[in-house]
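Per-entry structural report
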Amino acid sequence: MNLRHWFSVILCVLILGIADPSLAAGAPLRVMTFNVRVPVDTGMNAWANRRELMVKVIKAEHPDLLGTQELTQEQGEYLAAHLPGYAWFGQGRDGGTKGEHMGVFYRTDRLKVVRSGDFWLSDTPDVPGSKTWGQPYPRMVTWARFHLRDGGGNFDYFNTHFPYRPEDVHARMLSANEILQRIGKLPSATRVILAGDFNCAPDTPAHAELTHTLQDAWMLAARRSGPAKTFHDFTGIPDQRIDWILSRGFKAIAVRTITTHEGARYPSDHFPVVAELVR
């Protein structure tokens with residue numbers, strides 16, 4: 001290969017890197033967590049009236065990895081159809097396509113799924129739809145091992161939605177412990193991301209338990225923007241920070257809460273959170 005050809009190859013690589021910085025080796029991993037709200041509302045908050053705005057928000061943030069909660073099969077199929085360049089997976093908490101999904105969307109140009117699966121937050125975690133610990137609904141985790149196509153290696157991702165009632169403190173602790181046991185079975189050098197709707201504030205036992213092992217992006221990122229609190233019940237006025245992005249083996253360099261809305265219309269009753277993680 002002559003010198004001119006080598007120069008042309010190098011120039012092409014540089015141009016591609018400038019055109020799409022996310023393809024450059026070592027580019028931050030952009031992770032979004034978003035409780036999309038099941039399609040049960042009417043009026044302005046009905047799914048049909050907010051789904052286009054949700055797509056708009058996701059496209060604007062262009063996450064490499066998006067974990068959703070309260071996603072139904074109908075919603076998952078709609079988002080997939082309107083988010084080119086993404087694939088998704090996950091099953092309903094009742095098994096198969098039934099019930100709320102912890103649907104995971106990912107950019108296929110940046111990430112490859114090595115393997116994936118689900119487990120339930122119960123005494124029988126491998127039984128679809130199982131519920132114990134006094135929970136009225138099944139709760140679950142959808143997980144995957146991802147490979148970064150830029151040569152950045154692998155990481156394990158867990159997406160979840162904890163019980164919501166005030167009396168579910170013990171169930172949330174058991175849920176946290178179940179996830180930590182799974183993480184504990186991984187080699188200590190494995191990079192991990194755990195994200196979702198934890199239905200409790202950062203001053204609670206579940207958060208303390210999880211952050212013994214994992215780091216909270218909101219607490220440690222050098223740059224933060226948007227409100228700390230995330231649940232707002234379609235009012236735009238949040239009252240709790242219950243949506244978290246936690247990790248091990250990554251450093252959070254920036255985190256933001258997205259408050260995009262169109263007048264009184266919001267894409268969901270939660271604000272999504274986006275973290276930029278470097279390895």
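Quick look at the structure, then. Remember, predicted model here, so these are calculated numbers, not experimental data.

With respect to the packing of helix α2 (residues 47-61) against helix α3 (residues 73-82)
Between α2 and α3, the shortest axis-to-axis distance is 10 Å and the interhelical angle comes to 45°. Regarding the angle of α2 to α3, the classification is oblique. Considering only the axes of α2 and α3, their crossing is right-handed. Across the interface between the two elements, W47, R50, R51, E52, M54, V55, I58 and K59 of α2 pack against E74, Q75, Y78, L79 and H82 of α3.

Brief notes about the pattern of salt bridges
Oppositely charged side chains are able to pair whenever their charged atoms sit close together. Inspection of the entire model under this criterion finds 17 salt bridges. Put simply, K56 and E262 hold a salt bridge, and the shortest N to O gap is 3.5 Å. With a gap of 206 residues between them, K56 in helix α2 and E262 in the loop between β12 (251-257) and β13 (273-278) connect regions that are remote in the sequence. A salt bridge links D64 to R107, with the nearest nitrogen and oxygen atoms 3.0 Å apart. Here D64, found in the loop between α2 and β2 (65-69), pairs with R107, found in strand β4 (residues 104-107); they are 43 residues apart in sequence, far enough to count as distant. Residue R107 is classed as buried on the basis of its relative accessible area of 3%.

Focus on the environment of E77
Residue position: E77 is located in helix α3. Judged by relative accessible area, which is 47%, E77 ranks as partly exposed. Here the alpha-carbon distance between E77 and T235, two residues 158 residues apart in the chain, equals 27 Å.

Section: the packing of aromatic side chains
In this structure the tally under the stated criterion is 11 aromatic pairs. For the pair W88 and F105, a centre-to-centre distance of 5.4 Å together with 10° between the ring planes defines the contact as stacked. Remark: F105 occurs in strand β4 and W88 occurs in strand β3 (residues 86-89); sequence separation between them is 17 residues. A network of ring pairs unites the aromatic residues F89, Y106, F146, F155, Y157 and F250 as a single cluster.

Parameters and conventions
Residues numbered from 1 in each chain as written. Predicted model: local features only at pLDDT ≥ 70, side-chain atom pairs only at ≥ 80, totals over all residues. Heavy atoms only, no water. Axes fitted to C-alpha atoms, helices over the stretch in contact; angles between N-to-C directions. Helix = DSSP H or I, 4+ residues; strand = E, 2+ residues; numbered from the N terminus. Parallel < 35°, antiparallel > 145°, perpendicular 65-115°, else oblique. Left-handed = near helix turned anticlockwise from the far one by under 90°. Contact = heavy atoms within 4.5 Å. Salt bridge = Lys/Arg side-chain N within 4 Å of Asp/Glu carboxyl O. Buried < 20%, exposed > 50% of the residue type's maximum accessible area, 1.4 Å probe, protein only. Phe/Tyr/Trp six-rings, centres within 6.5 Å; stacked < 30°, edge-to-face > 60°.

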